[in-house]
Amino acid sequence: MMYNKYSSTLFTLLFVIVLGFIAGCGSSDSAQSNAKEPSEENKPESSETGGEVNIYTARHYDVDKELYDQFTEQTGITVNVVEGKAPELIERMKREGASTPADLFLTVDGGILNTAKTEGILQPIMSEDLDKKVPNDLRDKENHWIALSTRARVIVYAKDRVDASQLSTYEDLATDKWKGKVVVRSSTNLYNQSMLASFIDIMGEEQAEKWAAGLVANFAREPEGGDRDQAKAIASGIGDVAIMNTYYVGHMASSEEPEEVKVAESVGVFFPNQQTTGTHINISGAGLVKHSKNKDNAIKLLEFLTDTEAQTKISQANYEFPVNSQATLPELLQNWGMFKHQKIDFAKYGELNPKAVEIANKVGWK
Ligand code: FE
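All values reported here derive from a predicted model rather than from experimental measurement.

Engineer: Help me understand helix α16 (residues 353-362), please; the structure alone is not making it clear to me.
Structural biologist: Note that an α-helix has 3.6 residues per turn; residues three or four places apart therefore point the same way. For α16, the complete set of buried residues consists of Asn-353, Ala-356, Ile-359 and Ala-360. Considered in projection along α16, the buried side chains sweep an arc of 125° and stay on one side of the axis. Counted as exposed and oriented over 90 degrees from the buried face of α16: Pro-354, Asn-361 and Lys-362. Where α16 is buried, its residues meet α7 (190-203), α8 (205-217) and α15 (347-351).

Engineer: Explain the coordination of the iron ion here, please?
Structural biologist: Between any two of four tetrahedral donors, the ideal angle at the metal is 109.5 degrees; between two of six octahedral donors, it is 90 or 180 degrees. Listed as protein donors to the iron ion are Tyr-191 (OH), Tyr-247 (OH) and Tyr-248 (OH); their distances from the metal cover 1.9 to 2.0 Å. Here the donor residues of the iron ion are spaced in sequence according to Y-x55-Y-Y. Side by side, Tyr-247 and Tyr-248 carry an identical accessibility label, which is buried.

Engineer: Help me out: how do you make sense of the side chain of Gln-230 in this one?
Structural biologist: Structurally, Gln-230 is set in helix α9 (residues 227-235). Among the polar contacts made by the side chain of Gln-230, one reaches the main-chain carbonyl oxygen of Gly-226 at a distance of 2.9 Å. Setting aside residues no more than four positions away along its own chain, Gln-230 makes contact with Val-183, Val-184, Arg-185, Arg-221, Glu-224, Gly-225 and Ala-242.

Engineer: Looking at this structure, how should I read the layout of surface pockets?
Structural biologist: Once rolled over the atoms, a probe with the size of a water molecule shows which space is left empty. Its boundaries defined by the atoms lining it, the largest pocket holds a volume of some 480 Å³. Lining the largest pocket we find 17 residues, and of these Thr-150, Phe-321, Pro-322, Met-338 and Phe-339 sit closest to its centre. Class assignment for the residues of the lining of the largest pocket results in 11 nonpolar, 5 polar and 1 charged. Quantified by volume, the second largest pocket comes out at close to 390 Å³. Where the lining of the second largest pocket is concerned, the elements lending two or more residues are α4 (86-96), β3 (104-108), α7 and α10 (246-253). Split into classes, the residues belonging to the lining of the second largest pocket amount to 10 nonpolar, 4 polar and 4 charged. Looking at which domains feed residues into the lining of the second largest pocket, each of domain 1 (52-149 + 281-331) and domain 2 (151-279 + 345-363) gives three or more.

Engineer: I'm lost on the packing of aromatic side chains in this one. Help?
Structural biologist: Working definition: an aromatic ring pair is given by the centre-to-centre distance plus the angle between the planes. According to the stated counting rule, one finds 10 aromatic pairs in the structure shown. Ring centres 5.4 Å apart and planes at 55° place the aromatic pair Phe-71 and Phe-304 in the tilted group. With Phe-71 in helix α3 (residues 62-75) and Phe-304 in helix α12 (residues 295-305), the pair connects residues that are 233 residues apart, well separated along the chain. Assigned by exposure class, Phe-71 and Phe-304 land together as buried. A ring pair is formed by Phe-199 and Trp-211, whose centres lie 4.8 Å apart and whose planes are at 80°; its orientation type is edge-to-face. With Phe-199 in helix α7 and Trp-211 in helix α8, the pair connects residues that are 12 residues apart, well separated along the chain. Among the aromatic residues, those joined into a ring-pair cluster are Tyr-170, Phe-199, Trp-211, Phe-219 and Trp-365.

Engineer: For this particular structure, what's the right way to read empty space enclosed by the protein?
Structural biologist: A complete count under the given rule lists 2 cavities of 30 Å³ or more for this structure. When its volume is computed, the largest cavity comes out at roughly 50 Å³. Forming the boundary of the largest cavity are Arg-151, Arg-153, Tyr-191, Asn-245, His-280 and Asn-282. Secondary structure elements with two or more residues in the lining of the largest cavity: β5 (145-158) and β9 (280-289). Residues belonging to the lining of the largest cavity are distributed by class as follows: 1 nonpolar, 3 polar and 2 charged. Considering the residues around the second largest cavity, the lining is formed by Arg-59, Asp-64, Leu-67, Tyr-68, Leu-106, Leu-148, Leu-305 and Ile-314. A per-element tally of the lining of the second largest cavity places α3 first, with 3 residues.

Rules and cut-offs
In every chain, residue numbers begin from 1 and rise along the written sequence. In keeping with the model being predicted, local features are shown solely for residues with a pLDDT of at least 70 and side-chain atom pairs are shown and tallied solely at 80 or more, while totals for entire chains, interfaces and linings include all residues. Think of the side-chain values as coming from all heavy atoms in the structure, minus any hydrogens and water. Burial classification: accessible surface area is computed with a 1.4 Å probe over protein chains only, and a residue below 20% of its type maximum counts as buried, one above 50% as exposed, and the rest as partly exposed. Helix and strand definitions here come from DSSP, where helices need a minimum of 4 consecutive H or I residues and strands a minimum of 2 consecutive E residues; each element is numbered from the N-terminal end. As used here, the arc is the angular range of directions from the helix axis to the C-beta atoms. Only heavy atoms matter for contacts: two residues are in contact if any of them lie within 4.5 Å across the pair. Metal coordination here is assigned from N, O and S atoms located within 2.8 Å of the ion, or within 3.2 Å for Na, K and Ca; omission of water means that sites may look incomplete. Polar contact criterion, stated in full: a pair of N or O atoms within 3.5 Å, where within protein one must be able to donate a hydrogen and the other to accept it, and residues adjacent in sequence count only if both atoms are side-chain atoms. Buried and open spaces are told apart on a 1 Å grid over the protein atoms alone, a cavity being a set of points where a 1.4 Å probe fits but cannot get out and a pocket being an open set with protein on both sides within 12 Å along at least five of seven lines. Residues with an atom within 4 Å of a point are the lining residues. Grid points are joined across faces, edges and corners, and a volume is the space filled by probe spheres set on the points. Gly is placed with the polar residues, together with every amino acid not listed as nonpolar (Ala, Val, Leu, Ile, Met, Phe, Trp, Tyr, Cys and Pro) or charged (Asp, Glu, Lys and Arg). Domain borders in the structure are assigned automatically or taken from a domain database. Stacked, tilted and edge-to-face pairs are distinguished by plane angle, under 30 degrees for stacked and over 60 for edge-to-face with tilted covering the rest, among Phe, Tyr and Trp rings (Trp via its six-membered ring) whose centres lie within 6.5 Å.

Following this line, the structure appears as structure tokens:
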């Protein structure tokens, strides 16, 4: 009996020591919760008590991750991220229904955000702070989503062969003047589909189709590659002018690959349609998921992401245009200067997408 008593005391002692060691390491939540009276130093840090927010995102930029970490540091709210393609994430949220863990849906393209809304997976975002920081035209009418940044789809040209004074509008690129000189990526890409949708909205279906046919007739080659590849095609003399998003020029200019830096240096950025309908823009943004279980945290994160500091960071790192006018632009964007953009309801990009795809197919834009 003595032996048994001794051994059970020893066991208890060992158990307490081991438990204390685990709790002291702070690496196991279950060990901490098993400890009877956690001392001050054993108490979980704020980041473990601030709750969480779950994001389904089609944005995949390093700066996003940095900002989430910073948000967690400041608020104690853990950010969990599920990455995927926008249509797949929308399907997933529809399938998960009320049991979805998603609180926020982040993506690029206003049309996709509107699709998420019309699919019934979003709800209004109620925040006076966001109402103040995000301009009306960069928010859904019923506040189901807000833009986090904007991007412009512009004309990029070979500085040694084209003078900016020769450039004017998207329409001009579809005239004989540019025969065999235009490069642009495939029409299967959403950036082009939304651009064409914006033209359908602004100039009407018939004119938009004429424009697309004229553009295709001026192609220097069959569409291939992404936006960066269009700038590379300009630099290597395949074409003289390209249609592409501004931020890729920024990424190439600051690239670690000397080849990309050279390409960025050899091209100019031109904002078309300044005297007419404005340059085509699109957005990246976030919607509040209808069945969000962490709504307050989700709104807190959106307020954080639209603060001057975060907006400056997004713009500096990604060369996107901020939605908060107080943010500081990187030098490159400052040098490009202010520009007039299309007056457009981004919901149209979604609504007119099937029409845009139909026109692209009809005119043979691969
Ligand atoms: Fe992109």
